[in-house]
Amino acid sequence: MTPKAVIFDCDGVVVDSEPMLFDLLAADLEQHGLPMAVETLHHTFLGMTLQGLREKANAMGASLPADWCDDFYTRLYAQLRLGTPLIPGILTVLDALDAAGIPYAMGSNGSAEKMQITLGQHGLIPRFKGLFSGQTLGKPKPAPDLYLHAAAALGVAPNDCIVIEDSPTGARAARAAGMRCMGYAPDGNAALAAEGAVLFSDMKDLPKLLGF
């Protein structure tokens, strides 16, 4: 199962940014007519682009204005800059990949700026062989284009890549790209498994699961 390259999702896999995002989102949706529990938000919107989230929320009864995405990003980025923790154990994974000589990149539906903020504060940007945004590419997950683009940049065939994901949307994109997917799910995630991801609950276990 040892891959020739690994492609990571960002939020919830490398950086623990999702609690800040969903707390802010819960407050905004309540203000705009769609109160939802954070846990429900997580299951409903995890892995989506912000524009896709706005469209879905409005279809569900919210009244998020046209300029909401830009405003939300401004407020979210300010919070992320104050300190975004890493997912526990992720540095061990990156160190193991470096020691094995296996290249890795990032493919996120988040913006390029958000990746620069969250990864940059930990000095991780130079370690990745490319940070790729589905928004910049114009083909966000669940389309396979983002992961195929990352594989091409790494110079590795799709079926020799493994994707590390935490959302069903991302796992669906990996499957469509012809890539194996490992699903990080500390509390379990049946929807992620249903998309073909092999679930694991602790990052420290990932190097062994990848075969090195």
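Read on for a plain summary of the structure. On a predicted model such as this, the values are computed, not experimentally measured, just so you know.

Examining the overall build of the protein chain
Broken down by element type, the protein chain carries 11 helices and 6 strands. Rg of the C-alpha trace for the protein chain: 17 Å, near the compact-globule value of 17 Å for 212 residues, within the 12% margin. Seen through its C-alpha atoms, the protein chain measures out along the principal axes to roughly 50 × 35 × 30 Å. Residue pairs at least 24 apart in sequence account for 65% of intrachain contacts in the protein chain once pairs closer than 6 positions are excluded. Entry remark: accessible area of the protein chain is about 9,000 Å², with carbon and sulfur atoms responsible for 55%. Averaging the positions of the 15 positive and the 23 negative side-chain charges in the protein chain gives two centres separated by 7 Å.

Section: the sheet that holds strand β6 (residues 198-200)
One open sheet holds the 6 strands; their spatial order is β3-β2-β1-β4-β5-β6, and the pairing between them is parallel. Either end of the sheet is taken by a strand with one partner, and the two such strands are β3 (131-133) and β6. Between one strand and the next, the sheet's axes are offset by a mean angle of 25°, whatever the strand orientation. Pairing geometry for strand β5 (residues 180-184) and β6, over 3 bridges, is parallel.

A look at unusual backbone geometry
Residues K141 and P142 are joined by a peptide bond in cis, for which omega reads 20°. Summarising the element assignment, P142 is placed in the loop between α7 (134-137) and α8 (145-154).

Focus on the environment of T44
As for its placement among the helices and strands, T44 is situated in helix α2 (residues 38-45). In sequence terms T44 and K56 are 12 residues apart; their C-alpha atoms lie 9.2 Å from each other. Apart from residues no more than four positions distant in its own chain, T44 is found in contact with M36, K56 and M60.

Brief notes about the packing of aromatic side chains
Inspection of every chain in the model, using the stated rule, returns 6 aromatic pairs. With a centroid separation of 6.0 Å and an interplanar angle of 85°, the aromatic rings of F8 and Y104 are classed as edge-to-face. Of this pair, F8 sits in strand β1 (residues 5-8) while Y104 sits in strand β2 (residues 104-108), and the two are 96 residues apart along the sequence. In this pair, the class of F8 matches that of Y104, namely buried.

Structural notes on the side chain of K114
Looking at the element boundaries, K114 is found in helix α6 (residues 112-120). At a separation of 2.5 Å, a polar atom in the side chain of K114 contacts the side chain of D11. Setting aside residues up to four positions removed in sequence, K114 forms contacts with D11, Y73, L76, Y77 and L80.

Examining the nonpolar core
Residues F8, V14, I90, I164 and M203 are the most contacted members of the largest nonpolar core, which totals 27 residues. Contributions of two or more residues to this core are made by β1, α5 (90-100), β2, α6, β4 (161-165), β5 and α11 (206-210). If you tally residues by element for this core, the top one is α5, at 4 residues. Not counting residues up to four positions away in its chain, the partners in contact with M203 are V13, I87, P88, G89, I90, V93, I164 and Y184.

Considering the packing of helix α4 (residues 68-81) against α6
In helix packing, the relevant descriptors are the interaxial angle and the interaxial distance, both defined with respect to the helix axes. Where α4 meets α6, the axes come as close as 9 Å, and the angle between the chain directions of the two elements is 15°. Relative to α6, α4 is oriented roughly parallel. Considering only the axes of α4 and α6, their crossing is left-handed. Between α4, through Y73, L76, Y77, L80 and R81, and α6, the contact on the second element is made entirely by E113, K114, I117 and T118. Residues that form the contact of α4 with α6 fall into these classes: 5 nonpolar, 1 polar and 3 charged.

Quick notes on the rules
Residues numbered from 1 in each chain as written. Predicted model: local features only at pLDDT ≥ 70, side-chain atom pairs only at ≥ 80, totals over all residues. Heavy atoms only, no water. Helix = DSSP H or I, 4+ residues; strand = E, 2+ residues; numbered from the N terminus. Rg over C-alpha atoms; globule rule 2.2 N^0.38 Å. Contact = heavy atoms within 4.5 Å. Areas by Shrake-Rupley, 256 points an atom, 1.4 Å probe, with all protein chains shown as cover. Lys, Arg positive; Asp, Glu negative; His and termini not counted. Charge placed at Lys NZ, Arg CZ, Asp CG, Glu CD. Pairing = 2+ DSSP bridges. Axes fitted to C-alpha atoms, helices over the stretch in contact; angles between N-to-C directions. Phe/Tyr/Trp six-rings, centres within 6.5 Å; stacked < 30°, edge-to-face > 60°. Buried < 20%, exposed > 50% of the residue type's maximum accessible area, 1.4 Å probe, protein only. Polar contact = N/O pair within 3.5 Å; in protein donor to acceptor, adjacent residues only side chain to side chain. Core = buried A, V, L, I, M, F, W, Y, C linked by side-chain atoms within 4.5 Å. Parallel < 35°, antiparallel > 145°, perpendicular 65-115°, else oblique. Left-handed = near helix turned anticlockwise from the far one by under 90°. Nonpolar A, V, L, I, M, F, W, Y, C, P; charged D, E, K, R; others polar.

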